[in-house]
Amino acid sequence: MGSLQDQLLKAGLTTEHKAKVAKTEKRKAQKKKKKKGATSDQSDLQKHIEQTKLEQQRKAEELNQAKQAELKEREQVARVKQILEHHNQDEIRGEVTFNFTYDNKVKELDVNEQTKQSLSKGRLAICVLEGKFYVLQDEPARKIAEVDEKYIVFHVADDTVESDEDDPYAGYEIPDDLTW
């Protein structure tokens, strides 16, 4: 038994020309189906391209954030440097040694007696930038502390700190001439 097309030809219900046309249309329809399948592959390709674009955009945003953070750090250092250079006390040099700790090491600074008293009472502060020590008044030191505390090496807090009531040495004051 032959195909339906062969049976229709034998019965005379169709011609060979119509059979050929029907066969080519069937083949074209099958090719279109294959192309539609290929378009689904293109949609997968589109998804892959979109994913790649999203990843690239995410990486670009991370790089941008890193650059912004680095720029902010540089601005902070520049601001601190400007404050330090503008408000540095140059007339503090003297023959009295003032000791303070920096990076778990005792450092010395040769100052005059008045500067030593001001440092111990909190009117002056010692700051550091790039390994160099600066002596500043209280107000500029507070501005630097607002930017970042790491630049402040030595600054005595206000004496308004509440004392412990149970402290047995509360009545004894530390002498001003005590050096260590």
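Residues numbered from 1 in each chain as written. Predicted model: local features only at pLDDT ≥ 70, side-chain atom pairs only at ≥ 80, totals over all residues. Heavy atoms only, no water.

A.B. asks: Whenever I open this one, the nonpolar core confuses me. Can you help?
C.D. replies: In globular proteins that are soluble, nonpolar side chains generally tend to be buried together. Core analysis: the biggest nonpolar cluster contains 13 residues, and V80, L84, C127 and I144 have the highest contact counts within it. Setting aside its immediate chain neighbours within four residues, L84 contacts C127, L129, Y134, L136 and I144. Membership of the second largest hydrophobic core comes to eleven residues, among which are L119, I126, V135 and V153. (Core = buried A, V, L, I, M, F, W, Y, C linked by side-chain atoms within 4.5 Å. Buried < 20%, exposed > 50% of the residue type's maximum accessible area, 1.4 Å probe, protein only. Contact = heavy atoms within 4.5 Å.)

A.B. asks: Is there a simple way to explain helix α4 (residues 138-147) in this structure?
C.D. replies: One turn of an α-helix holds 3.6 residues; hence residues three or four places apart share an orientation. Within α4, burial applies to P140, A141, I144 and V147. Around the axis of α4, the buried residues are gathered within 110° of arc, so they sit on the same side. (Helix = DSSP H or I, 4+ residues; strand = E, 2+ residues; numbered from the N terminus. Arc of directions from axis to C-beta.)

A.B. asks: Before we go on, may I ask you to explain the sheet that holds strand β4 (residues 132-137) in this structure?
C.D. replies: Strand pairing in a sheet relies on backbone hydrogen bonds, with the paired strands running either antiparallel or parallel. In space, the three strands of this open sheet follow the order β4-β3-β5, with antiparallel pairing throughout. Each having just a single partner strand, β4 and β5 (152-154) make up the two edges of the open sheet. Each strand axis lies, on average, 40° off the axis of its neighbour in the sheet, ignoring direction. Pairing between strand β3 (residues 124-129) and β5: two bridges, direction antiparallel. Bridging from a neighbouring strand, I126 pairs with F154 of β5. On top of the sheet, helix α3 (residues 113-121) reaches β3, β4 and β5; it is set at about 90° to β3, its chief contact. Its contacts with the sheet place α4 against β3, β4 and β5, and it is angled at close to 120° to β4. (Pairing = 2+ DSSP bridges. Axes fitted to C-alpha atoms, helices over the stretch in contact; angles between N-to-C directions.)

A.B. asks: I tried to follow the pattern of salt bridges on my own but got confused; where do I start?
C.D. replies: In a structure, side chains of opposite charge can pair up when their charged atoms sit close to one another. Inspection of every chain in the model, using the stated rule, returns three salt bridges. A salt bridge links R58 to E62, with the shortest nitrogen-to-oxygen separation between them at 3.1 Å. Residue R58 and its partner E62 are located together in helix α2 (residues 16-87), separated by four residues, close to a single helical turn. According to the relative accessible area criterion, R58 is partly exposed, its value standing at 42%. (Salt bridge = Lys/Arg side-chain N within 4 Å of Asp/Glu carboxyl O.)

A.B. asks: In this structure, what is going on with the side chain of T115? I would like to understand it.
C.D. replies: Relative to the helices and strands, T115 resides in helix α3. Taking relative accessible area as the criterion, T115 reaches 6% and is therefore assigned buried.

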